[in-house]
Amino acid sequence: MKKIHLMKWVLEVDLQQTKEFYLKDLEMCSCLYCENYMEACRQMDSSIKLVFTMLGITPSKPSHLSEFGENEDGLRLYIGSYHVVGKLVEGEYCRDSEWNDTTTARMKNFTFGFKKELLFAPNELKTPVLQLDFEARIPWVLNEKPED
Ligand SMILES: [Zn+2]
């Protein structure tokens, strides 16, 4: 485990184990909304990419992803989770009821938080498992449009 400083947290992460997990052929949802997110990941801002790189995460492979429709600005709200091998050493966990400036950190179009209660954690991941939750405002980048 390696100690890293990431935004407002200090973490211990096992990059090797986490990277190996994300290199696996993980089963992903193939609906249009999820495909749009995955495509948008390729055009992700470099500062966001760095957050994922520091944790060993492949951004196009979230463990959970939901889309909540289009905003007035044309961006779509996505909420999801990633899991890594690691633990939180310093800083606050977030909860669904405590998703605020203290428990989360904003970077460009993403807001990140670490959740104590694990949800949708993949069984294949070695322990300790840490859950990274996010909220993101993502443009529609696919040519095909959803029908909503
Ligand atoms: Zn989907």
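Refer to the structure above for everything that follows.
Turning our eyes to something else, we now look at the overall build of the protein. Regarding its fold elements, the protein presents three helices and seven strands. In sequence order, the secondary structure elements of the protein are arranged as β-β-α-α-α-β-β-β-β-β. Rg of the C-alpha trace for the protein: 15 Å, near the compact-globule value of 15 Å for 148 residues, within the 12% margin. Expressed along its principal axes, the backbone C-alpha trace of the protein runs to roughly 45 × 35 × 25 Å. Within the protein, contacts between residues at least 6 apart in sequence are counted, and of these 68% link residues at least 24 apart. Charged side chains in the protein number 18 positive and 24 negative. The centres of these two groups are separated by 7 Å.

A few words on the pairing of strand β7 (residues 129-138). Summarising burial for β7: nine of the 10 residues are buried, a large majority. Summarising the sheet, strand β6 (residues 110-115) and β7 pair through six bridges and their orientation is antiparallel. Bridge assignment links G113 to a residue of β7, and that residue is D133.

The next point concerns the coordination of the zinc ion. Looking at the zinc ion, the protein donor atoms are C29 (SG), C31 (SG) and C34 (SG), and they sit 2.2 Å from it. The sequence pattern formed by the donor residues of the zinc ion is C-x1-C-x2-C. Judged by relative accessible area, C31 falls into the partly exposed class, the value being 31%. On the accessibility criterion, C34 (8% relative accessible area) is buried.

Attention shifts here to the environment of Y78. Structurally, Y78 is set in strand β4 (residues 76-90). Excluding its chain neighbours within four sequence positions, the residues that come into contact with Y78 are Y33, N36, Y37, L65, S66, E67, F134, E135, A136, I138 and W140.

Scanning all chains against the criterion turns up zero disulfides. With no disulfide of its own, C94 lies closest to C41 among cysteine sulfurs, the gap being 19 Å.

Turning next to the environment of Y37. Positionally, Y37 belongs in helix α2 (residues 32-42). The exposure class of Y37 is buried, given its relative accessible area of 0%. Separated by 54 residues in sequence, Y37 and G91 place their C-alpha atoms 28 Å apart. Every residue in contact with Y37, bar those within four places of it in the chain, is listed here: M44, P59, P62, L65, Y78, Y82, F110, F134 and I138.

Okay, unusual backbone geometry next. Cis peptide bonds are those with omega within 30 degrees of zero, and the linkage from T127 to P128 qualifies with -5°. Inspection of the secondary structure assignment puts P128 in the loop between β6 and β7. Residue M7 is not a glycine yet carries a positive backbone phi of 50°. Classification of M7 by relative accessible area gives partly exposed; the value is 30%. Positive phi, normally seen in glycine, also occurs at F120, with a value near 60°. Tracing the chain through its elements places F120 in the loop between β6 and β7. Judged by relative accessible area, which is 47%, F120 ranks as partly exposed.

Take helix α1 (residues 15-23) next. The set of residues buried in α1 consists of T18, F21 and Y22. Considered in projection along α1, the buried side chains sweep an arc of 95° and stay on one side of the axis. Away from its buried face by more than 90 degrees, α1 exposes Q16 and L23. You can read the cap of α1 off the contacts: a side-chain oxygen lies 3.4 Å from the backbone nitrogen of Q16, and it is on D14.

How each quantity is defined
- Residues numbered from 1 in each chain as written.
- Predicted model: local features only at pLDDT ≥ 70, side-chain atom pairs only at ≥ 80, totals over all residues.
- Heavy atoms only, no water.
- Helix = DSSP H or I, 4+ residues; strand = E, 2+ residues; numbered from the N terminus.
- Rg over C-alpha atoms; globule rule 2.2 N^0.38 Å.
- Contact = heavy atoms within 4.5 Å.
- Lys, Arg positive; Asp, Glu negative; His and termini not counted.
- Charge placed at Lys NZ, Arg CZ, Asp CG, Glu CD.
- Buried < 20%, exposed > 50% of the residue type's maximum accessible area, 1.4 Å probe, protein only.
- Pairing = 2+ DSSP bridges.
- Donors = N, O, S within 2.8 Å, 3.2 Å for Na, K, Ca; no water.
- Disulfide = S-S within 2.5 Å.
- Arc of directions from axis to C-beta.
- Polar contact = N/O pair within 3.5 Å; in protein donor to acceptor, adjacent residues only side chain to side chain.

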